[in-house]
Amino acid sequence: MWFRRDLRLHDHPALNAAIESSLNDGDGQVVALFNIDPQVFDDAGTPLQAYQNASLTALNESMNGKLLIRYGDPKDVLLEVVKASNAKSVHISEDFEPYGRARDIAVEKELAKINVPLIRTGSPYAVAPFRVTKDDGTPYRVFTPFYRTWLKHGWRKPAQKFNKTPPWFMPLPSQALPQVNSEIEIPKAGETNALDLFDKFLNSAIHGYDQNRNRPDLNGTSKLSIPLRFGEIHPRTILMELNETKDHDTFRKEVCWREFYAEVLATAPESETKSLDQKWELMGWDQEEDFAERLKKWQEGKTGFPIVDAGMRQLKQTGWMHNRVRMIVASFLVKDLHIHWRHGADWFMKHLLDGDIASNSHGWQWTAGCGTDASPYYRIFNPMMQAEKFDPNAEYVHKFIPELNHLAGIKAHTPWEQPDGYLNNYPTRMVDHSQEREETLRRYQASKGEKVITEKFSQ
Ligand SMILES: Cc1cc2nc3c(=O)[nH]c(=O)nc-3n(C[C@H](O)[C@H](O)[C@H](O)COP(=O)(O)OP(=O)(O)OC[C@H]3O[C@@H](n4cnc5c(N)ncnc54)[C@H](O)[C@@H]3O)c2cc1C
């Protein structure tokens, strides 16, 4: 069993398949392998590396120390382990991301040379990509019709755990996990913790989720994105517990966004780094040599717009950011600073504990207006209006921006309107939002050869 983004023992069809095949045509023993692939590991940010270490440690404990860790190129590692164990088959949960798919095909070819099949069973999704299509077989590019067909398609019940834990077999010594010095405190990891987190959510924040999920000042969402990223919990396990009430329904829809973006990326792999709607690549984005300073201010949470800065600081300090604020900071980078979304997506991937290529690249593109969003490109988030609506007492801003703690309540959203707003050296606004909004509209329309629309359309 080659574990990747499925670090759990329950609801695990690929693991079940490995156990079953070892019972049917082997000696009943299973090797549990995790390969640390330098091409993936070295590229990841330290928060993600550290969380992976914690999750692997938890998985290893749950199998009495029998998880085999091996470093190196996946082709070499798999061949070495298969030969050393005399394994008759290798089992995986299918990966649909561009790198993972190519890696699996390359490994499959190597294994075929020694007559060992690579067997794909299950995936990290309730409904795997390529299954939910339009009537004519083409992929969806708009969420709502995808969601309807996804609901109609339905999903299987969670896979039952094998009643007998296999005798794990270690044909080679396990290598130590890499040393990682993460600057942030890593949340508890592992399958047991993921199930606990979900249980607590079902008993607390799900009540009111429909209303509260947009409020970064509240603990109104599940934080399951991190366990889902590592496969410590399967979405089927989550969906099975949901009922037909409004809160549960809204939550189910959010889980579906993850599946939708996986589908979009699987059917348009180039959209990992390029706009799905390729005409936006021709937009007059600023050049790297011109925006380095501006990008740095955004990354460090020093733009002078409190809600943007609070989000960027939350990301750096905790490895997570609230969804509403992800949209606000993304809109700010693209539409106030005129920087290509790819630079923001890269920064997110370096710092997010839930960094997931499909949700990240497409979350960015949705906000930039060059991806799957069916709404017009001239939707430009106004950071002040967003802050007042979704952080109505400025508690979120106060939590992450100590320089504004002397400003009571919502005054913290507008330090420029307060006589003592800059008492504690909070930076002044780096741009004028309304001017940059006009500039974005000008560039969008110029790139399409259209007349410039200037009437207000702010959110
Ligand atoms: C610019 C941008 C970048 C993003 N990057 C990522 C990323 O790298 N990894 C990631 O998991 N999510 C990403 N998201 C989506 C979303 O912000 C997170 O999934 C959510 O904030 C996670 O918190 P939660 O688990 O408490 O969410 P909940 O509100 O509790 O939602 C439950 C689950 O539904 C899924 N979900 C919810 N909203 C979305 C969404 N908009 N898109 C996709 N899945 C969703 C997640 O799996 C989440 O765990 C991004 C969104 C934006 C706007």
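Everything quoted here is computed from the prediction, not taken from an experiment.

The rules behind the values
- Residues numbered from 1 in each chain as written.
- Predicted model: local features only at pLDDT ≥ 70, side-chain atom pairs only at ≥ 80, totals over all residues.
- Helix = DSSP H or I, 4+ residues; strand = E, 2+ residues; numbered from the N terminus.
- Rg over C-alpha atoms; globule rule 2.2 N^0.38 Å.
- Pairing = 2+ DSSP bridges.
- Expected span 1.5 Å × (residues − 1).
- Buried ≥ 20, exposed ≤ 12 C-beta atoms within 10 Å, placed from the backbone.
- Arc of directions from axis to C-beta.
- Contact = placed C-beta atoms within 7 Å.
- Domains from an automatic or database assignment.
- Nonpolar A, V, L, I, M, F, W, Y, C, P; charged D, E, K, R; others polar.
- Core = buried A, V, L, I, M, F, W, Y, C linked by C-beta atoms within 7 Å.
- Near = placed C-beta within 6 Å.

## So, the overall build of the chain
Regarding its fold elements, the chain presents 19 helices and five strands. In terms of overall size, the chain behaves like a compact globule, its C-alpha atoms giving a radius of gyration of 24 Å where 459 residues would be expected to give roughly 23 Å. Overall, the chain is about 75 × 50 × 50 Å in size when its C-alpha atoms are taken along their principal axes.

## As for the sheet that holds strand S3 (residues 67–71)
Reading across from one edge, S1-S2-S3 is the order of the three strands in this open sheet, with parallel pairing throughout. Strand pairing shows two members of the sheet lacking a second neighbour, strand S1 (2–3) and S3, which therefore form its edges.

## Quick word on helix H19 (residues 433–448)
Counting along an α-helix, one turn takes 3.6 residues, and residues three or four places apart therefore face a common direction. The end-to-end C-alpha distance of H19, which contains 16 residues, comes to 23 Å, matching closely the 22 Å that a straight helix rising 1.5 Å per residue would cover. Here H19 has its buried residues at Arg437, Thr440, Leu441 and Tyr444. Down the axis of H19, the buried set is contained in an arc of 95 degrees. They therefore lie on one face. Exposed residues on H19 whose side chains face more than 90 degrees from its buried face are Gln435 and Ala446. Buried residues in H19 make contact with helix H14 (323–336).

## Considering unusual backbone geometry
Positive phi, close to 50 degrees, is recorded for Asn64, a residue that is not glycine. Along the polypeptide, Asn64 turns up in the loop between helix H3 (46–62) and S3. Even without a glycine there, the phi angle at Lys223 is positive, about 60 degrees. Here Lys223 shows up in the loop between helix H8 (209–212) and helix H9 (225–230). With 17 C-beta atoms counted inside 10 Å, the residue Lys223 sits in the partly exposed group.

## Remarks on the domain arrangement of the chain
Split into domains, the chain comes out as domain 1 (2–123), domain 2 (125–159 + 191–267) and domain 3 (278–448). By residue class, the composition of the side of domain 1 that touches domain 3 is three nonpolar, one polar and one charged.

## A short note on the nonpolar core
Formed by 76 residues in total, the largest nonpolar core has its most connected members in Met1, Leu33 and Val397. With eight residues, the top contributor of residues to this core is H14. Residue assignment places this core across two domains, with domain 1 (2–123) and domain 3 (278–448) each supplying three or more. With residues up to four places along the chain from it excluded, the contact list for Leu33 reads Met1, Trp2, Phe3, Leu68, Arg70 and Val81. Membership of the second largest hydrophobic core comes to 17 residues, among which are Phe96, Tyr261, Leu265 and Ile357.

## Examining the environment of Tyr378
Along the chain, the position of Tyr378 falls in the loop between helix H16 (357–368) and helix H17 (383–390). Owing to 18 C-beta atoms within 10 Å, Tyr378 belongs among the partly exposed residues under this scheme. With 34 residues separating them along the chain, Tyr378 and Gly344 place their C-alpha atoms 20 Å apart.

## Digging into the site of the ligand
If you check the shell around the ligand, you find 27 residues, and the closest are Thr221, Ser222, Ser225, Asn360 and Gly363. Of all elements in the fold, only H9, helix H11 (246–267), H14 and H16 reach the threshold of two or more residues within the shell around the ligand. Per-class residue counts for the shell around the ligand are 10 nonpolar, nine polar and eight charged. Both of domain 2 (125–159 + 191–267) and domain 3 (278–448) provide at least three residues apiece to the shell around the ligand.

## Here we look at the environment of Phe146
Note that Phe146 resides in helix H6 (residues 143–153). Counting along the chain gives 293 residues from Phe146 to Glu439, while the straight-line C-alpha distance between them is 34 Å. For Phe146, the residues in contact, after removing those within four places along its chain, are Val132, Tyr140, Phe260 and Glu263.

## Some details on the environment of Gln418
Topologically, Gln418 is positioned in the loop between helix H18 (395–400) and H19. Given 15 C-beta atoms within 10 Å, Gln418 falls into the partly exposed group. Sequence-wise, Gln418 and Val329 are 89 residues apart; in three dimensions their C-alpha atoms are separated by 23 Å. Those residues in contact with Gln418 that sit more than four places away from it in its chain are Leu407 and Lys411.

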